[in-house]
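# Coordinates in review
Next come the chains, spelled out residue by residue.
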Amino acid sequence: MDPDFARWYREVSLEDGKAQARWTGLNKAIEAPNRALVEVLTRLAFDTKASAGGYKDPGLAEKLAAFHAAFEAADEDYEPEKRESQVLAACALVRLFGSYSLAQLAVTTASFDGARKPSLPMDLVGLAEQAIAKLSTARRVRPDVSRLKVAIQEFAWQPDLATLNPSDPQTFKPLFAGLVSGVNASFRAAAAGVNASVDKMSSYMRVVDEELQMLWWLLGERSLDLDLPFDKVEASVQPMVFAKELASRTVSSPGPVAIAALLARSGLKPRGKLSVVAAANAVPPDWAANTMDDLPSSPVTTPIHFALDKRVEAGVSDAWAAHWSALCGLAEDTALSPLRLSELFYREHLFLTYG
């Protein structure tokens, strides 16, 4: 059992046997993560107004049921309790931070720069921010070419001649079957080594191309969606549009560590405040509709996209803000600096478009 999990779970129970059973259930619950599972875990961990099982959302309801079923399988006396579920969901997210970027992204976007502060035995948001930087850096390390070489796979094979009868061709079959099996095993091992090397180089080349495309975008100083120079795009429109254009050029979630620097260089300011409602109302209606086409926004993990979605549904700029505020549990005048708003919109877009 992970010592951090044992320490965090003590807030719920001091029974070592129960903690061990929960640890077993936790690992079972997250063995096949996807966006829906992360959504459910985030809603539980933040204890949001929006139900973890969703509203008439079979996908979320199914994942919530499976989450509890994993613990029931490890402990027949398990009964879901609100506080325990909250802590277990947070622990599950931390376990996913090491390899599944959507968990990291969801926690930071749900926090909304501290507007939502879950009561937990760990700094969940701080751990998520650290994990984003760590995973982003790890996925952008240049492979050591010297380690990508594939050695010749040798195999030791000795024919069994005890049952060989030269006058009976059938007795040669086991002999040749053993030879074929040995050769195939050697080829499989060699192919696996080659494929692993190719995958590493391919991943790195995709990341290099991603960064090149982002730099060309930055050097061009032009919004491709709006076909306007950066400085001709209204300040209230820039955060969403620029973030979406960079997100569409991202090939490896959670994106580059320097994404905030790129957004800053495009003209976004770290000072001042811009409300979510004002930003959603400022972008062109057709751009908003195209951006939100078929994206399943959430009031918890993607509140900025959810605002954009509600604006598109309403069709007018002044008829949706109160509804958005009530569903998200955020004040109608919730505002961030343009740069931070853009960075969170970028993360939300990755969460919605990467599996």
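A brief look at the structure comes next. (Residues numbered from 1 in each chain as written. Predicted model: local features only at pLDDT ≥ 70, side-chain atom pairs only at ≥ 80, totals over all residues. Heavy atoms only, no water.)

### Observations concerning the overall build of the protein chain
Within the protein chain one finds 15 helices and 4 strands. Relative to its length of 355 residues, the protein chain is extended, with a C-alpha radius of gyration of 26 Å against a globular reference of 20 Å. Along the longest, intermediate and shortest principal axes, the C-alpha atoms of the protein chain span 95 × 60 × 35 Å. Relative to its 355 residues, the protein chain shows a buried fraction of 46%. (Helix = DSSP H or I, 4+ residues; strand = E, 2+ residues; numbered from the N terminus. Rg over C-alpha atoms; globule rule 2.2 N^0.38 Å. Buried < 20%, exposed > 50% of the residue type's maximum accessible area, 1.4 Å probe, protein only.)

### A short note on the packing of aromatic side chains
A full pass over the atoms with the stated rule returns 9 aromatic pairs. Geometrically, the ring pair formed by Phe5 and Trp23 is tilted, given 5.3 Å between the ring centres and 45 degrees between the ring planes. Separated by 18 residues along the polypeptide, Phe5 in helix H1 (residues 3–9) and Trp23 in helix H2 (residues 16–29) bring together distant segments of the chain. The same class applies to Phe5 as to Trp23, namely buried. (Phe/Tyr/Trp six-rings, centres within 6.5 Å; stacked < 30°, edge-to-face > 60°.)

### Overview of the nonpolar core
By size, the foremost hydrophobic cluster in this structure holds 93 residues, and its most contacted members are Leu41, Leu93, Leu124, Met240, Leu308 and Trp324. With 9 residues, helix H5 (residues 82–97) is the single largest residue contributor to this core. Setting aside chain neighbours within four positions, we find Trp324 in contact with Val276, Val277, Pro303, Phe306, Ala307, Leu330, Ala331 and Glu332. (Core = buried A, V, L, I, M, F, W, Y, C linked by side-chain atoms within 4.5 Å. Contact = heavy atoms within 4.5 Å.)

### A word on a negative patch on the surface
The grouping of Glu76, Asp77, Glu79 and Glu81 at the surface amounts to a negative patch. Tracing the backbone shows Glu76 in the loop between helix H4 (58–74) and H5. (Patch = residues over 30% accessible without salt bridge, like charges linked within 9 Å, V, L, I, M, F, W, Y side chains within 5 Å. Areas by Shrake-Rupley, 256 points an atom, 1.4 Å probe, with all protein chains shown as cover. Salt bridge = Lys/Arg side-chain N within 4 Å of Asp/Glu carboxyl O. Lys, Arg positive; Asp, Glu negative; His and termini not counted. Charge placed at Lys NZ, Arg CZ, Asp CG, Glu CD.)

### Section: the pattern of salt bridges
This structure, assessed with the given rule, holds 15 salt bridges. Close ionic contact of Glu129 with Arg347 constitutes a salt bridge, the shortest N to O distance being 3.1 Å. With Glu129 in helix H7 (residues 124–138) and Arg347 in helix H15 (residues 338–353), this residue pair connects regions lying 218 residues apart in the sequence. What makes Glu129 partly exposed here is its relative accessible area of 26%. The class of Arg347 is buried, set by a relative accessible area of 6%.

### Re helix H3 (residues 35–46)
The end-to-end C-alpha distance of H3, which contains 12 residues, comes to 16 Å, matching closely the 16 Å that a straight helix rising 1.5 Å per residue would cover. Its buried side turned inward, H3 meets H2, H4, H5, helix H6 (101–111), H7 and H15. Where H3 terminates, the next one or two residues include Asp47, which has phi positive at roughly 50 degrees. (Expected span 1.5 Å × (residues − 1).)

### A few points about the packing of H2 against H5
Running from N to C, H2 and H5 point in directions that differ by 55 degrees, and their axes come no closer than 10 Å. Classified by the interaxial angle, the pair formed by H2 and H5 is oblique. For the crossing formed where H2 meets H5, the hand is right-handed. Here Arg22, Trp23, Leu26 and Asn27 of H2 lie close against H5, whose contacting residues are Glu84, Leu88, Cys91, Ala92 and Arg95. Residues of the contact of H2 with H5, tallied by class, amount to 5 nonpolar, 1 polar and 3 charged. (Axes fitted to C-alpha atoms, helices over the stretch in contact; angles between N-to-C directions. Parallel < 35°, antiparallel > 145°, perpendicular 65-115°, else oblique. Left-handed = near helix turned anticlockwise from the far one by under 90°. Nonpolar A, V, L, I, M, F, W, Y, C, P; charged D, E, K, R; others polar.)

### Regarding the side chain of Thr42
In this fold, Thr42 is placed in helix H3. We classify Thr42 as buried; its relative accessible area is 0%.

### As for the environment of Val12
Within the fold, Val12 resides in the loop between H1 and H2. Looking at Val12, the relative accessible area reads 28%, which means it is partly exposed. For the pair Val12 and Arg83, spaced 71 residues apart in sequence, the C-alpha separation works out to 7.5 Å. Residues in contact with Val12, not counting those within four places in the same chain, are Glu84 and Val87.

### Some remarks on helix H13 (residues 303–314)
Spanning 12 residues, H13 covers 16 Å between terminal C-alpha atoms, matching the ideal 16 Å at 1.5 Å per step. The complete set of buried residues in H13 reads Pro303, Ile304, His305, Phe306, Ala307, Leu308, Asp309, Lys310 and Arg311. After H13 finishes, the residue Gly315 shows a positive phi value of roughly 80 degrees.

### Things to note about a nonpolar patch on the surface
Judged by side-chain polarity, Leu212, Leu215, Trp216 and Leu219 come together as a nonpolar surface patch covering roughly 460 Å² of accessible area. Secondary-structure assignment places Trp216 in helix H8 (residues 173–220).

### Remarks on the side chain of Lys244
Here Lys244 lies in helix H9 (residues 238–247). According to the relative accessible area criterion, Lys244 is buried, its value standing at 19%. Those residues within four positions of Lys244 in sequence are excluded, and the remaining contacts are Asp225, Trp287, Thr291, Phe345 and His349.

### Points about unusual backbone geometry
A negative phi angle characterises most non-glycine residues, just as the trans form characterises most peptide bonds. Of note, the bond from Ser253 into Pro254 is cis; its omega dihedral lies within 30 degrees of zero at 15 degrees. We note that Asp113 has phi near 60 degrees; this positive angle belongs to a residue other than glycine. Here Asp113 is to be found in the loop between H6 and H7. A residue is classified by how much of its surface remains accessible, and Asp113, at 44% relative accessible area, is partly exposed. The phi dihedral of Glu221 is positive, around 50 degrees, even though this residue is not glycine. Along the polypeptide, Glu221 turns up in the loop between H8 and strand E1 (222–223). For Glu221, a relative accessible area of 51% gives the class exposed.

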